[in-house]
Amino acid sequence: MDEYPNNDVVSLTEEGNSFIFNKESLDMGLFENKNVDLMIGVDEELYSKLRSLRNRIAEDIEMPAYIVCANAPLIEMARKMPVKPEAMLSIKGIGKKFMENYGENFLNLIRDYKSGKQFTFLIIKENLRKRMKNHPNHPKFMIPLIFTT
């Protein structure tokens, strides 16, 4: 009887062998940009306002801020300053649902910031607040994790 019925065999190079048996590390280039300053070209005042808006929305719908929008898209908004929905949708991390739920607030903030006007926060619609309370990431659905060592 054949020990390897399908004749599937994996061959390792010397570099792979050294890595598997912990003789040396393997550079895969995954972290080559880790020291790049993500804030280059970003209007930090606008970024601060965008974060404040995101946090106010999150508080209003009783959800964690990252559910509304992660920091990376906010950074890109503060860098690119989109004023049209199409431009906002071109930012990685911004999708149709974000635009449907929160996009107008963020676009208005950027427009007002660029024109020097005072931004007015639109009230989150009650149906959105209710919908988000049933979201699986809403705090009432979250299960606390206990880490032990």
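In case you missed it, the structure is sitting above this.
Residues numbered from 1 in each chain as written. Predicted model: local features only at pLDDT ≥ 70, side-chain atom pairs only at ≥ 80, totals over all residues. Heavy atoms only, no water.

Bringing the overall build of the chain into the picture now. Counting its regular elements, the chain contains seven helices and zero strands. Put simply, the chain runs from its N terminus to its C terminus through helices and strands in the order α-α-α-α-α-α-α. A sequence separation of at least 24 residues applies to 57% of the contacts in the chain between residues at least 6 apart. If you sum the accessible surface of the chain, you get close to 11400 Å²; carbon and sulfur atoms cover 54% of it. (Helix = DSSP H or I, 4+ residues; strand = E, 2+ residues; numbered from the N terminus. Contact = heavy atoms within 4.5 Å. Areas by Shrake-Rupley, 256 points an atom, 1.4 Å probe, with all protein chains shown as cover.)

With that settled, consider a nonpolar patch on the surface. Side chains of Val10, Leu12, Phe19, Ile20 and Phe21 sit close together on the surface and give an oily, nonpolar patch of about 530 Å² of accessible area. Positionally, Val10 belongs in the segment before α1 (14-20). (Patch = residues over 30% accessible without salt bridge, like charges linked within 9 Å, V, L, I, M, F, W, Y side chains within 5 Å. Salt bridge = Lys/Arg side-chain N within 4 Å of Asp/Glu carboxyl O.)

Let's shift gears to the nonpolar core. Counting residues in each nonpolar core, the largest one holds 28 residues, and the members touching the most others are Leu50, Met77, Met88, Ile94, Phe98 and Phe106. Listing elements by their share of this core, those giving two or more residues are α2 (44-60), α3 (65-68), α4 (71-80) and α6 (96-115). It is α6 that provides the largest number of residues to this core, a total of seven residues. Setting aside its immediate chain neighbours within four residues, Met88 contacts Met77, Pro82, Ile94, Met99, Phe106, Leu107 and Ile110. (Core = buried A, V, L, I, M, F, W, Y, C linked by side-chain atoms within 4.5 Å. Buried < 20%, exposed > 50% of the residue type's maximum accessible area, 1.4 Å probe, protein only.)

Attention now goes to unusual backbone geometry. Apart from glycine, the bulk of residues carry a negative phi angle, and the bulk of peptide bonds sit in the trans form. Positive phi, close to 55 degrees, is recorded for Glu62, a residue that is not glycine. Notably, Met81 is not glycine yet its phi reads approximately 50 degrees, a positive angle.

This paragraph deals with the pattern of salt bridges. Scanning the entire structure with this criterion turns up four salt bridges. Arg79 is paired through a salt bridge with Glu76; the nearest N and O atoms lie 2.1 Å apart. In this pair, Arg79 and Glu76 are both assigned in helix α4, three residues apart and thus about one turn of the helix distant. Residue classification places Arg79 among the partly exposed positions, given a relative accessible area of 30%. The partner of Arg111 in a salt bridge is Glu104, and the shortest N-O contact between them spans 3.5 Å. Relative accessible area serves as the criterion here: at 29%, Arg111 is assigned to the partly exposed category. Glu104 sits in the partly exposed class, given a relative accessible area of 41%. The network of salt bridges with common partners includes Glu76, Arg79 and Lys80.

Attention now goes to the packing of aromatic side chains. Tallied over the entire structure, the rule returns two aromatic pairs. Taking the centre distance of 5.2 Å and the plane angle of 45 degrees together, the rings of Phe98 and Phe106 count as tilted. Phe106 matches Phe98 in its accessibility class, with the two residues each being buried. One aromatic cluster is present, built from ring pairs that chain together Phe98, Tyr102 and Phe106. (Phe/Tyr/Trp six-rings, centres within 6.5 Å; stacked < 30°, edge-to-face > 60°.)

Right, let's get into α2. Between the first and last C-alpha of α2 there are 24 Å, a value that for 17 residues agrees with the 24 Å anticipated at 1.5 Å per step. Among the residues of α2, Leu46, Tyr47, Leu50, Leu53, Arg54, Ile57 and Ala58 are the ones counted as buried. In an axial view of α2, the angular spread of the buried residues amounts to 135 degrees, which keeps them on one side of the axis. Of the exposed residues in α2, the ones pointing more than 90 degrees away from its buried face are Glu44 and Glu59. The inward-facing, buried residues of α2 contact α3, α4 and α6. N-cap assignment for α2: the residue whose side-chain oxygen lies 3.1 Å from the backbone N of Glu45 is Asp43. Backbone geometry just after α2 places Glu62 at a positive phi near 55 degrees. (Expected span 1.5 Å × (residues − 1). Arc of directions from axis to C-beta. Polar contact = N/O pair within 3.5 Å; in protein donor to acceptor, adjacent residues only side chain to side chain.)

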